[in-house]
Amino acid sequence: MPETTQDQQPTRTAVAGAGEPARRRARWLIGAGILLVALNLRPAITSVGALLDQLQSGLSMSGATAGLLTTLPALCFGAFSGLAPRLARRFGADRVLLAAMAALVAGLVLRPLAGSAPVFLAVSVLCLAGIAAGNVTLPVLVRTYFPDRLGLLTGLYTTVLNLGAALASAVAVPVATAAGGWRGGLALWATIAAFGLLPWLGALRRRQPSPAATAPVGAAPGVRPSRTRLGWALAVYMGTQSLQAYVVFGWLAKIFAAAGYSSSTAGLLVSLVVAVGMPIAFFLPTLAGRTRDQRPYVLLLIGCYVVGYLGLLLAPHAGALAWALLIGVGGGAFPLALLMVGLRARTPAGTAGLSGFVQSVGYLIAAVGPLLVGVLHDATHGWLVPILFLLVMLVPQLFGGLAAGRNRYIEDEARSQSR
């Protein structure tokens, strides 16, 4: 049976008016384009993290500047995510995504040429602005072109997104070594990102009648997510789950090292968190997208985080493998949040407005996490208080997820509140 997402009506796609073979070919092209974009939304970030020591040395980068560089993705996502729906309203989601990929490719080309830390930061902002627009626009395009496969496509593209992040982190150093330094290591990702442009150039050239995604799709008339409880609930859920993820990727290896593991083993345990997240990212949206109520999944993922964090407090060495597995499952909150962005709107227009608001607010919340955990660790000289902080942050994540997981729509809530 085809996957259905609640009681939404199928959305007209950008291939309307074409014959059935042409529609199928166009959907394959668009699906490939979505996955290629997803593949390129994290390597620009994770490759820098892997090469940070070389960057600091090569660009005479201070520790404070390096800290800013690691926080820059969340700051840029928060700053630029809100612009994508406005641009989509004026130019169309397809064109915005094409421009986003062009900005990403340009930044990736220029970054290896940077001769100083300020220039590197500036072109990194260009990369991250493109990634922010891609983050917001992909759920809109999935909702537009695949309303009958929303869970499946969300699972596929979040899985590919995680694969791109892990791949870049794993091969950045070997590639840089083979290429003679960090500049050659970073240049590789510009070539790969350029392939993400090709399907969208082809899709725009088709110019089918009634193009849903190339038509302007900003916020639905009268819908302002910032004035709805649903919008804020989903923003809190997105922000707190991203905060958990950023802290886990930034600090979990040090927590395991403090528990007595070698640096290499601690790194492997963190890679296990990423590895577990890949099948979760694929299967969970497909399963959750078949139900009207996503709250049971919210509870399950929160429970995994709670047990994993309590394990880090009580038996960080003896149960490390189990705690890494549970934390990896808890990270399934990310694809669940992206799925709910699509499920909680009736139209691509509503999805665009909701996606922009949720990701803009959410990533600003997330940016606080790694910095605050570092401050708490330095102040207490241990990991008890930082882990307790993560447990406390699960409370707003729980309530935000429960409020966002109910079967309702942003358009309906906006109308009821305007009466």
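Relevant structure appears above.
Residues numbered from 1 in each chain as written. Predicted model: local features only at pLDDT ≥ 70, side-chain atom pairs only at ≥ 80, totals over all residues. Heavy atoms only, no water.

**As for the pattern of salt bridges**
(1) Moving on: Counted by the stated rule, this structure contains 3 salt bridges.
(2) Moving on: Of the charged contacts, one joins R346 and D412 as a salt bridge, the two residues approaching to 2.9 Å between their closest N and O atoms. Separated by 66 residues along the polypeptide, R346 in the loop between α15 (333-343) and α16 (348-380) and D412 in helix α18 (residues 410-418) bring together distant segments of the chain.
(3) Moving on: When the shortest N-O distance is used, the salt bridge between R408 and E413 registers 2.7 Å.
(4) Moving on: Classification of R408 as buried rests on a relative accessible area of 15%. (Salt bridge = Lys/Arg side-chain N within 4 Å of Asp/Glu carboxyl O. Helix = DSSP H or I, 4+ residues; strand = E, 2+ residues; numbered from the N terminus. Buried < 20%, exposed > 50% of the residue type's maximum accessible area, 1.4 Å probe, protein only.)

**Some details on the packing of helix α2 (residues 43-50) against helix α8 (residues 150-179)**
(1) Moving on: Taken N-terminus to C-terminus, the directions of α2 and α8 make an angle of 35°; their axes are 8 Å apart at the nearest point. Remark: the crossing between α2 and α8 carries right-handed chirality. Taking contact as the criterion, the partners of P43, T46, S47 and A50 in α2 are, on α8, G164, A165, A168, S169, A172 and V173. (Axes fitted to C-alpha atoms, helices over the stretch in contact; angles between N-to-C directions. Left-handed = near helix turned anticlockwise from the far one by under 90°. Contact = heavy atoms within 4.5 Å.)

**Here's the deal with the packing of aromatic side chains**
(1) Moving on: Counting across every chain of the model gives 7 aromatic pairs.
(2) Moving on: Residues F120 and W182 carry aromatic rings whose centres are separated by 5.9 Å and whose planes lie at 80° to one another, so their mutual orientation is edge-to-face. With F120 in helix α7 (residues 117-145) and W182 in helix α9 (residues 182-195), the pair connects residues that are 62 residues apart, well separated along the chain. Of the two residues, F120 and W182, neither departs from the other in class, the shared state being buried.
(3) Moving on: With 5.7 Å between their ring centres and 55° between their planes, W251 and W383 make a pair best called tilted. Within this pair, whereas W251 is found in helix α11 (residues 229-258), its partner W383 is found in the loop between α16 and α17 (384-404), the two being separated by 132 residues in sequence. Comparing W251 with W383 shows no difference in burial state: the two are buried. (Phe/Tyr/Trp six-rings, centres within 6.5 Å; stacked < 30°, edge-to-face > 60°.)

**Observations regarding the environment of L72**
(1) Moving on: Along the chain, L72 falls in helix α4 (residues 63-80).
(2) Moving on: For the pair L72 and I45, spaced 27 residues apart in the sequence, the C-alpha separation amounts to 9.4 Å.
(3) Moving on: Once you skip the residues sitting within four places of it in the chain, L72 turns out to touch L121, S124, V125 and L128.

**Considerations on α15**
(1) Moving on: Burial analysis of α15 places 11 of its 11 residues in the buried class, the great majority of the element.
(2) Moving on: Every buried residue of α15 is listed here: A333, F334, P335, L336, A337, L338, L339, M340, V341, G342 and L343.

**Examining the side chain of T228**
(1) Moving on: By the element assignment, T228 lies in the loop between α10 (198-206) and α11.
(2) Moving on: Within the structure, T228 has its side chain in polar contact with the backbone oxygen of P225 (distance 2.9 Å). (Polar contact = N/O pair within 3.5 Å; in protein donor to acceptor, adjacent residues only side chain to side chain.)

**Considerations on a nonpolar patch on the surface**
(1) Moving on: A cluster of nonpolar side chains, contributed by V368, L371, L372 and V375, occupies part of the molecular surface with about 340 Å² of accessible area.
(2) Moving on: Within the element layout of this structure, V375 appears in helix α16.
(3) Moving on: Judged by its relative accessible area of 45%, V375 is partly exposed. (Patch = residues over 30% accessible without salt bridge, like charges linked within 9 Å, V, L, I, M, F, W, Y side chains within 5 Å. Areas by Shrake-Rupley, 256 points an atom, 1.4 Å probe, with all protein chains shown as cover.)

**As for the packing of α4 against α16**
(1) Moving on: Direction vectors running N to C along α4 and α16 enclose 155°, while the axes themselves pass 7 Å from each other. Taken together, the axes of α4 and α16 are roughly antiparallel relative to one another. Between α4 and α16 lies a crossing of left-handed hand. Listed contacts from α16 to T71, A74, L75, F77 and G78 of α4 are Q359, S360, Y363, L364 and A367. (Parallel < 35°, antiparallel > 145°, perpendicular 65-115°, else oblique.)

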